[in-house]
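Structure assessment
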Amino acid sequence: MNFEGLDPGLAEYAPAMHSALDPVLDAHLNPSLLQNVELDPEGVALEALPVQESVHIMEGVYSELHSVVAEVGVPVSVSHFDLHEEMLWVGSHGGHATSFFGPALERYSSFQVNGSDDIRQIQSLENGILFLTKNNLKYMARGGLIIFDYLLDENEDMHSLLLTDSSTLLVGGLQNHIIEIDLNTVQETQKYAVETPGVTIMRQTNRFFFCGHTSGKVSLRDLRTFKVEHEFDAFSGSLSDFDVHGNLLAACGFSSRLTGLACDRFLKVYDLRMMRAITPLQVHVDPAFLRFIPTYTSRLAIISQSGQCQFCEPTGLANPADIFHVNPVGPLLMTFDVSASKQALAFGDSEGCVHLWTDSPEPSFNPYSRETEFALPCLVDSLPPLDWSQDLLPLSLIPVPLTTDTLLSDWPAANSAPAPRRAPPVDAEILRTMKKVGFIGYAPNPRTRLRNQIPYRLKESDSEFDSFSQVTESPVGREEEPHLHMVSKKYRKVTIKYSKLGLEDFDFKHYNKTLFAGLEPHIPNAYCNCMIQVLYFLEPVRCLIQNHLCQKEFCLACELGFLFHMLDLSRGDPCQGNNFLRAFRTIPEASALGLILADSDEASGKGNLARLIQRWNRFILTQLHQDMQELEIPQAYRGAGGSSFCSSGDSVIGQLFSCEMENCSLCRCGSETVRASSTLLFTLSYPDDKTGKNYDFAQVLKRSICLDQNTQAWCDTCEKYQPTIQTRNIRHLPDILVINCEVNSSKEADFWRMQAEVAFKMAVKKHGGEISKNKEFALADWKELGSPEGVLVCPSIEELKNVWLPFSIRMKMTKNKGLDVCNWTDGDEMQWGPARAEEEHGVYVYDLMATVVHILDSRTGGSLVAHIKVGETYHQRKEGVTHQQWYLFNDFLIEPIDKHEAVQFDMNWKVPAILYYVKRNLNSRYNLNIKNPIEASVLLAEASLARKQRKTHTTFIPLMLNEMPQIGDLVGLDAEFVTLNEEEAELRSDGTKSTIKPSQMSVARITCVRGQGPNEGIPFIDDYISTQEQVVDYLTQYSGIKPGDLDAKISSKHLTTLKSTYLKLRFLIDIGVKFVGHGLQKDFRVINLMVWQGSFKSLLVRVPKDQVLDTVYLFHMPRKRMISLRFLAWYFLDLKIQGETHDSIEDARTALQLYRKYLELSKNGTEPESFHKVLKGLYEKGRKMDWKVPEPEGQTSPKNAAVFSSVLAL
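Source: prediction; values computed, not measured.

Cut-offs applied
- Numbering of residues starts from 1 in every chain and runs along the sequence as written.
- With the structure being a predicted model, the display of local features is reserved for residues of pLDDT at least 70 and the display and counting of side-chain atom pairs for 80 or more, all residues being used for whole-chain, interface and lining totals.
- Only hydrogens and water are removed before side-chain values are computed, so all heavy atoms of the structure are retained for them.
- Where helices and strands are cited, they refer to DSSP runs of H or I of at least four residues and of E of at least two residues respectively, numbered from the N terminus.
- The buried label goes to any residue with under 20% of its type's maximum accessible area, the exposed label to any with over 50%, and the partly exposed label to all in between, with areas taken from a 1.4 Å probe on protein chains only.
- The contact criterion used is simple: two residues touch if any of their non-hydrogen atoms lie within 4.5 Å.
- Only the protein chains shown count as cover for residues, with accessible areas throughout obtained via the Shrake-Rupley method and a probe of 1.4 Å.
- The rule is simple: put a 1 Å grid over the protein atoms alone, call a set of points where a 1.4 Å probe fits but cannot get out a cavity, call an open set with protein on both sides within 12 Å along at least five of seven lines a pocket, and count a residue as lining if it has an atom within 4 Å of a point.
- Grid points are joined across faces, edges and corners, and a volume is the space filled by probe spheres set on the points.
- Charged residues are taken to be Asp, Glu, Lys and Arg, nonpolar residues to be Ala, Val, Leu, Ile, Met, Phe, Trp, Tyr, Cys and Pro, and polar residues to be all remaining types, Gly included.
- Two rings from Phe, Tyr or Trp (for Trp, the six-membered ring) form a pair when their centres are within 6.5 Å of each other. A pair whose planes differ by under 30 degrees is stacked, one over 60 is edge-to-face, and the rest are tilted.
- Look at NZ for Lys and CZ for Arg. If either is within 6 Å of the ring centre and within 35 degrees of the ring normal, a charge sits over the ring.
- For two strands to be treated as a pair, DSSP must find at least two bridges joining them.
- Salt bridge, as used here, is a side-chain nitrogen of Lys or Arg placed within 4 Å of a carboxyl oxygen of Asp or Glu.
- Each axis is a line fitted through C-alpha atoms, and for a helix only the stretch in contact is used; angles between axes span 0 to 180 degrees, taken between their N-to-C directions.
- Cysteine sulfur atoms that come within 2.5 Å of each other are treated as a disulfide pair.
- Buried residues of nine kinds, namely Ala, Val, Leu, Ile, Met, Phe, Trp, Tyr and Cys, make up a nonpolar core once their side-chain atoms join them within 4.5 Å.
- One fewer than the residue count of a helix, multiplied by 1.5 Å, yields its expected span.
- Contacts described as polar in this section are N or O atom pairs within 3.5 Å, which, within protein, must combine one atom able to donate a hydrogen with one able to accept it, while residues neighboring in sequence count only if both atoms come from side chains.
- Comment on the angle field: the value is read as roughly parallel under 35 degrees, roughly antiparallel over 145, roughly perpendicular from 65 to 115, and oblique elsewhere.
- The sense of a crossing depends on the near helix, which, turned anticlockwise from the far helix by less than a right angle, makes the crossing left-handed and, turned clockwise, makes it right-handed.
- Values of pLDDT, the confidence the predictor places in each residue, fall between 0 and 100.

Notes on the overall build of the protein chain
For the protein chain, the count of helices and strands is 24 helices and 55 strands. Taken across its 1210 residues, the protein chain has 50% of its residues classed as buried. At a minimum sequence separation of 6, the contacts of the protein chain that also span at least 24 residues come to 60%. Surface exposure of the protein chain reaches about 60,700 Å², of which carbon and sulfur atoms provide 51%.

Here it is as C-alpha cells:
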C-alpha cells in the first residue's frame, strides 16, 4: 500500500512503547498472548492484565476471537493468511517475521528476515514463504531455514509482489519497471517497463493484470504481452488500496486538497466489461484498506486506520449500521488481510498486536489445508557441559545407559541375511563394442573411469507391488541389462528399431516364426494389443464382430471387425490397429475412465498397466455389448438351444459374457429386497487370511461370484439407511467367464505367492515325496518320485512351481439358487465322465483359454503380454493342421509355449491381470459363418460433410450402376497425408540419426480414377477425410492440403469420414480390382490396408500380389534407387507434374499412363531384355540430370492431355 497520505509521525517509533499496553485502557488483551516475550522491567506487569473471558461468536457476524502480540512495540507492517496451512504470517517494521497456528493463534515460528528494512509483502508457497523487503527477496521454510536469498539492486525500492504461476514472480516498486523472476532458477528473466512509475499494489484475474500506482491510477495490462489495455484515473492524489472481484474493481485513496492530501470517502467502482466507472460508493469511514469478501453477495469490507470497519455492497448504499470497531492496542491499524475461506479477518496495529475476527467459533483459514508439521519437544537434561575443543577429552564421559536387553540394531538371524556389496553394472559402451570369443568378451577401454578405481553405489531396494506404474524399455535382442536378470527374454518389452528405410529392413520374422499376426506397439495407447489378440482368438466373438457393420463413424465393433479381417489374412506379418485406436480415442467414456494415455505418460511409464488393462477389459466388453444392441441380432446368432436368457433386447455379446444375478438385501427389520442385474465380468475378492491356510482357486472364485457382505443401505420399510446383509445368487452362467484378478498391491501378491507355495507342497506329497525347506530337488531325483505303478506321467518340478491357477473349473447350479465351484482335472473327467453329458443337469466345465499378465521390471515398471490357447479352427486356416497349442503374444513377438507356463506366476516379475475361461464345446453352440457385410452401395454418391461445398466444386463423378468395377479392372489410386505427431529422433555420437518414434500420419485425401472405358482417367472417388485430431503439419507443399480443407464448417471440398472411404476401398479389394499407383506401400499403410507386393508389409486389409501394380517397382532395377513419379512422367510421357504442390488426381492419372507405357515398352511383359535396356537408359539419364526435372519456358501437364478434356466436358 502507499503510505504518503498517512501521519508522518508514524515513521518515527520510540525504542520502547510498552506504556501503550495500559491494562486499564486495554482490558480485552489476554496475558497469555505475551508468553515467551521479554518485557521492559519497568513496564506493565503481566499480572496486572485481567484475564479475558470466553468469547461468544454469533454465526455469520464477524466478531473478535483472539488477539496476540507479534513483537512488542514494533508496528506490524504486513499480515498474510497462509494459502496451504492453517497459519497467519505477520511481518514487522523491524524485519522480523512471526507465524501463528490456527484460530487460537498459537505461536508457531519466529525469525529475523532482514536486519534493517521492514517486511513489505508476504506470499505463501507450497514449500515455504516469500518475504519482500526494500531491495531483497527471501524465500524461507516455515520453520525459518533459508531456501534462497535474492538481492536486488541497491537503488530499487520494492513494495509489491505477485505470483503469476507456481514458478514465476513479478516484483514492483517506486521505480519505472517491474521485474520478472524465475523461482526455479532464482534469476531475473525479464524486465517490463511501466509508463507510470510507482507500482505499489498488484492484482491478477484470468483476463488482466492490474497495477496500482502512487499517482492514483490503476492500469490494466495483458497477461502475455504486459501491454496496457486500459487505464483508470481513480484519484487525484494517491492510491491507498484496491481489489478486483468478477467484473468489478473497487479502489480507495486520497484526493488533492489545498491543504494537501485528504482521505476520499468515495470509493471508485469500475465495470470491467464496459471499462467505465459506475456510481461511486460513499462510505462513513476514512477508507485505508478494502477487500471483497464474497459469500452470498459480493460485499466489500472497508477499513480505516482508526479501527472502523464497514461492510457494504459495491453497487448499493452504505449503511451506518454496518460499522463495527476494532480496538487496536496502538493508535492506528497498519495491515489488513482476509483468509481464503473468507471466515477470518486479520488486523495488525502500530503496537505490534494482531487481532483475529471471525464469523464462526471454529473458523478455518483455507477450504482445504494440509496438515502442519510441528517440531518435536526438546528434552534437555541437566548434565555438565563438555569442552569438545580438548583433544584428550574422554568419550566415556558421555552417559550411555547400561542395559542387558537386545539392542534395536541387533536383528535376529532369522530376519536378517548378509548382503555382500553388489558388483557395479558394466558400462553400456563396453557392452555395445564388445566382441565375444567363446564365452570371453573383449572390448576397447572407453576411458570413462580412472585406472583400477571403480566407485561402488548400492542400488535402491526393489520396489513393492504398489509401484506397478512404469513400462519397461528393454527390447528383445538388446544386450542383457543387470536389472532384467529375472525376466525371461521373450517376456521383455519389444520395440521396433527404425532405419533410414523405416520398417522395410526390420526382420519381424526373427520375433515371430508362426503364421499368426502380431501387433505393432509404437501407436499411442497400444497397451491393449494383448487384449485384442484374446478377443480375436475367441471364435464366436471373432465371427460376430466381423459380421457387424453400422453407420456410426466411430464404432469400436466395426473397427475391431476390420482389424480381425486383417489378422485373418496375414501370414505372420505384424499389423497395427491405427483406425481402431483412433476410434477408441474418440469415445468419451474411455477418456472419462482414464484409458487414454498421453504420449509422455506412455514413454515415462506413469500409467498403472495392471489396473489400466483391467479397466480396458471391462470397457471394451461394455462397449461391444452396447454397439451390438443397436442392431437387430441376426437369427443365425441366436443360441442353438434357444436359451431363455438372451432376450430380444439383448446382444450376442451379452449372451456370451453376461451373467444374470439376483442381488438380495436383507435389513435387520426383516424386510428383503431382491433386484435382478447382470455383469460382464467378475473381480476376484481375496480372503483376509495371513495364517497360510490353503484356498483352492475355485473357493476364491465362488467367494467373488456369490459375494456376501454387510453394508449400509436404504430400507423402504424403516425409511432410513440401515445395516443390511447383501447376498448375490446366480440365475444363469455365462458362456465365457471373464475374471479381473485385481493384484494391485503387495497384499494380493503375497496371497498368490503363499497359495502357490502351498499348492507346490501338496503336489509333491501327491506324487510320493516330501519337500524340505532347505533342499532343492534335482530333476533326476524328481523323476524317482513318480507313482509306484508308473501309470501317470509325473510332471517336472519346474512345471509345478508358482502354479495355483487350474486349467479347468467345474460349476454346478443347485436347486436353491446356490453355486458349487471346484477345480477340475483330467483325472476328474475320467472319474465323472465327459462334461457334455452333465450340462443337462446344470453342470458346466470351463477351460482356461487366456491369461493376461503384467511383466514387472524392478527399475522401470513393466509391460503386458498374453498367454492364449489357440484352437483348432485357427490352426486349420493358417497351417492346415488340427491341434491346440498355447502361445505367448508379446506385441509382434509370438512364440509357442508349454501349457504350464501359462499358469505359472512368479510374483517377483510376472503378475496375473485377466483370466478367460470358456465353456467346453462353446463353438458348437454358435453359427460361425462369416458373410462380408460391405455392399456395392458404398460406391454410390453420398452427401458431403462440408457445409459450403457446391456441386460446381465437385472434382469427381461417382460410379453409375452400369459402371461397377469387375474382377481385373484397373483403378488408379493416390492418397495425400497430414502429420499428427512429429518424428522423435536422436543424433548418435558418430553423427548418424536414430529414429526413436516415427511420425504419426493420417490420411487426408484419397482419389480413385477409372482405368478403362469411355471415362478413363476420370475420378470416381475424391474424398477429403475429416479428422477430429489436431494436425501438426498439413504438408501443403507435398499434399496440396490446406488448413480448413478438413474442417466441415469452412471446407469447400467433398468431405467424408475415414470409415466411409475405407469401406469403398475394402469393397474394391474384395471384388478383385487391380490398383495402379506410385508408392502404394506408404499409401496403403497409412490408410490401414495391408499390401503384399514383394517386400510390402502394411496394415489392415491384405491386398493380393496380383492386385497391386506399383510404378515404383515397374520402373526399378535391383539394387538401384527408387525413381520419383515426377521424373518418370517427364522422361516417358513428356509431362511436367507436381509443380508447386501435389495433386492426387494428377498423380493417380499419371500412374495409369505410366502403366500403359510400361505395357507398351515391355510388350505386355514378353520382352524383358528390351525393357531392361530402357531402364538402363532411364538410370543413365537420371544420373546425368541428378534426378531433377528441368524447368523449361513452357510447362506441360496432364491437364493438357486428351483424357482431361473429357473431364471438363462432363
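On we go.
A word on empty space enclosed by the protein
In total, this model carries five cavities of 30 Å³ or more according to the counting rule given. Estimated volume of the largest cavity: approximately 110 Å³. Looking at the largest cavity, the residues that line it are Asn 578, Asn 579, Arg 582, Arg 585, Leu 980, Gln 1000, Met 1001, Ser 1002, Val 1003, Glu 1029, Leu 1058 and Val 1086. Of all the secondary structure elements, the ones that give two or more residues to the lining of the largest cavity are helix H5 (578–586) and strand S49 (1000–1010). The residue inventory of the lining of the largest cavity, partitioned by class, reads five nonpolar, four polar and three charged. Quantified by volume, the second largest cavity comes out at close to 60 Å³. Lining the second largest cavity are Glu 553, Phe 554, Glu 559, Asn 579, Arg 582, Ala 583, Thr 1057, Leu 1058 and Lys 1059. Of all the secondary-structure elements, those providing two or more residues to the lining of the second largest cavity are H5 and helix H18 (1058–1071). With three residues, H5 is the largest single contributor of residues to the lining of the second largest cavity.

With respect to the packing of aromatic side chains
Tallied over the full model, the rule gives 50 aromatic pairs. Look at Phe 232 and Tyr 270: their rings are 4.2 Å apart centre to centre, the planes differ by 15°, and that puts the pair in the stacked class. Of the two residues, Phe 232 is situated in strand S17 (residues 228–233) and Tyr 270 in strand S21 (residues 266–271); the sequence distance between them amounts to 38 residues. Just as Phe 232 is buried, Tyr 270 falls in that class too. Taken together, a centroid distance of 5.2 Å and an interplanar angle of 70° make the contact between Phe 516 and Tyr 887 edge-to-face. Residue Phe 516 is found in the loop between strand S32 (440–442) and helix H2 (529–536), and its partner Tyr 887 is found in strand S43 (residues 885–890); the two are separated by 371 residues along the sequence. As far as the burial class goes, Phe 516 and Tyr 887 line up, both buried. By way of ring pairs, the aromatic residues Phe 1115, Phe 1127, Trp 1130, Tyr 1131, Phe 1132, Tyr 1155, Tyr 1158, Phe 1171, Tyr 1179 and Trp 1187 are connected into one cluster. Sitting over the face of the ring of Phe 235, Lys 268 holds its NZ or CZ atom 4.8 Å from the ring centroid. Positioned above the aromatic ring of Tyr 844 is the side chain of Lys 919, whose terminal nitrogen or guanidinium carbon lies 3.8 Å from the ring centre.

Brief notes about the pairing of strand S13 (residues 187–193)
The sheet contact formed by strand S12 (residues 177–182) and S13 spans six bridges and is antiparallel. The residue of S13 that forms the bridge with Glu 180 is Gln 190. Between S12 and S13, which follow one another and run antiparallel, lie four residues, and Val 186 among them has a positive phi close to 50°.

Quick word on helix H21 (residues 1125–1133)
Residue pairs three or four apart in sequence face the same way in an α-helix, which turns once every 3.6 residues. Most of H21 sits out of view: eight of its nine residues are buried. Within the span of H21, buried status applies to Leu 1125, Arg 1126, Phe 1127, Leu 1128, Ala 1129, Trp 1130, Phe 1132 and Leu 1133. Of the surrounding secondary structure, the elements contacted by the buried residues of H21 are helix H20 (1111–1114), helix H22 (1144–1161) and helix H23 (1168–1185). Positive backbone phi, approximately 55°, marks Asp 1134, located one or two places after H21.

A short note on the pattern of salt bridges
Applying the stated criterion across every chain, the model contains 36 salt bridges. For Arg 142, the salt bridge is made with Glu 85, and the minimal N-O distance between the two is 3.9 Å. Separated by 57 residues along the polypeptide, Arg 142 in the loop between strand S8 (136–140) and strand S9 (146–151) and Glu 85 in the loop between strand S2 (76–81) and strand S3 (87–92) bring together distant segments of the chain. Arg 142 sits in the buried class, given a relative accessible area of 6%.

Quick notes on the environment of Ser 304
Along the chain, Ser 304 turns up in the loop between strand S25 (298–303) and strand S26 (308–312). The class for Ser 304 is buried, based on a relative accessible area of 1%. Between the C-alpha atom of Ser 304 and that of Pro 287, which follows or precedes it by 17 residues, the distance is 4.8 Å. Residues contacting Ser 304, with those up to four places away along its chain left out, are Val 285, Asp 286, Ala 288 and Leu 333.

Brief notes about unusual backbone geometry
With phi around 55°, Glu 742 is a residue other than glycine that occupies positive phi space. The residue Glu 742 is located in the loop between strand S38 (736–740) and helix H11 (746–766) in this model. Since its relative accessible area comes to 29%, Glu 742 is described here as partly exposed. A positive phi is found at Asn 921, a non-glycine position, where the angle reads about 60°. Tracing the backbone shows Asn 921 in the loop between strand S45 (910–919) and strand S46 (970–981). Asn 921 gets classed as partly exposed once you look at its relative accessible area, which sits at 43%.

Things to note about the sheet that holds S12
Strands sit in the order S10-S11-S12-S13 across an open sheet of four strands; the sheet is antiparallel. In this open sheet, the two strands that pair with only one neighbour each are strand S10 (158–165) and S13. On average, each strand axis in the sheet is inclined to that of its neighbour by 25°, with strand direction left out of account. Summarising the sheet, S10 and strand S11 (residues 168–173) pair through six bridges and their orientation is antiparallel. By the bridge assignment for S11, Met 158 is matched with Gly 173.

Topic: the state of the cysteines
In the structure shown here, the tally under the stated rule is zero disulfides. Free of any disulfide, Cys 312 has its nearest neighbouring cysteine sulfur in Cys 309, separated by 9.7 Å.

Some details on the sheet that holds strand S55 (residues 1108–1110)
Taken in spatial order, the six strands line up as S51-S50-S49-S46-S52-S55 in an open sheet, and their pairing is mixed. Edge positions in the sheet fall to strand S51 (1055–1056) and S55, since each of these pairs with one other strand and no more. Where S46 and S49 come together, 10 bridges link them in antiparallel fashion. Residue pairing across strands places Ala 975 opposite Ile 1006, the latter belonging to S49. Lying over the sheet, H22 contacts S46, S49, strand S50 (1019–1025), strand S52 (1074–1077) and S55, oriented at roughly 140° with respect to S46.

Section: the nonpolar core
With 105 residues, the main nonpolar core has Tyr 527, Ile 613, Trp 616, Phe 657, Ile 736, Tyr 916 and Phe 1075 as its most contacted residues. Of all hydrophobic cores here, the second largest spans 58 residues; its members include Leu 684, Tyr 686, Trp 886 and Leu 893.

Some thoughts on the pairing of S49
For S49, the buried fraction is high: 11 of the 11 residues fall into the buried class. Of the strand pairs in this sheet, S49 and S50 are connected by five bridges, and their pairing is antiparallel. Counterpart to Ile 1006 in the pairing with S50 is Asp 1023.

Things to note about H18
Taking 1.5 Å per residue as the helical rise, H18 with its 14 residues ought to reach 20 Å, and the 20 Å between its terminal C-alpha atoms agrees with that figure. Counting buried positions along H18 gives 13 out of 14 residues, so the element sits mostly inside the fold. Directly after H18, the chain includes Gly 1072, whose backbone phi takes a positive value near 100°.

Brief notes about the side chain of Arg 291
As for its position among the elements, Arg 291 is in strand S24 (residues 289–294). Side chain to side chain, Arg 291 and Asp 241 meet in a polar contact 2.7 Å long. Apart from the residues lying within four places of it in its own chain, the contact partners of Arg 291 are Arg 203, Asp 241, Asp 243, Arg 299, Leu 300, Ala 301, Phe 336, Asp 337 and Val 338.

Some remarks on the packing of H2 against helix H8 (residues 609–629)
The axes of two packed helices give the description: the angle between them and the distance between them. Contact geometry for H2 and H8: axes closest at 10 Å, N-to-C directions at 40°. Accordingly, the angle class assigned to the pair H2 and H8 is oblique. Here H2 runs over H8; the crossing is right-handed. Contacts between H2 and H8 involve Cys 530, Met 531, Ile 532 and Leu 535 on the former and, on the latter, Ile 613, Trp 616, Asn 617, Ile 620 and Leu 621.

Structural notes on the confidence of the model for the protein chain
Interpretation of this model should avoid reading the predicted coordinates in detail wherever pLDDT is low. Considering every residue of the protein chain, the mean pLDDT works out to 80; 81% of them sit at 70 or more. Across residues 1092–1102 the pLDDT falls below 50, and counting only partners more than four positions away or on other chains, this stretch makes 58 contacts in the model.

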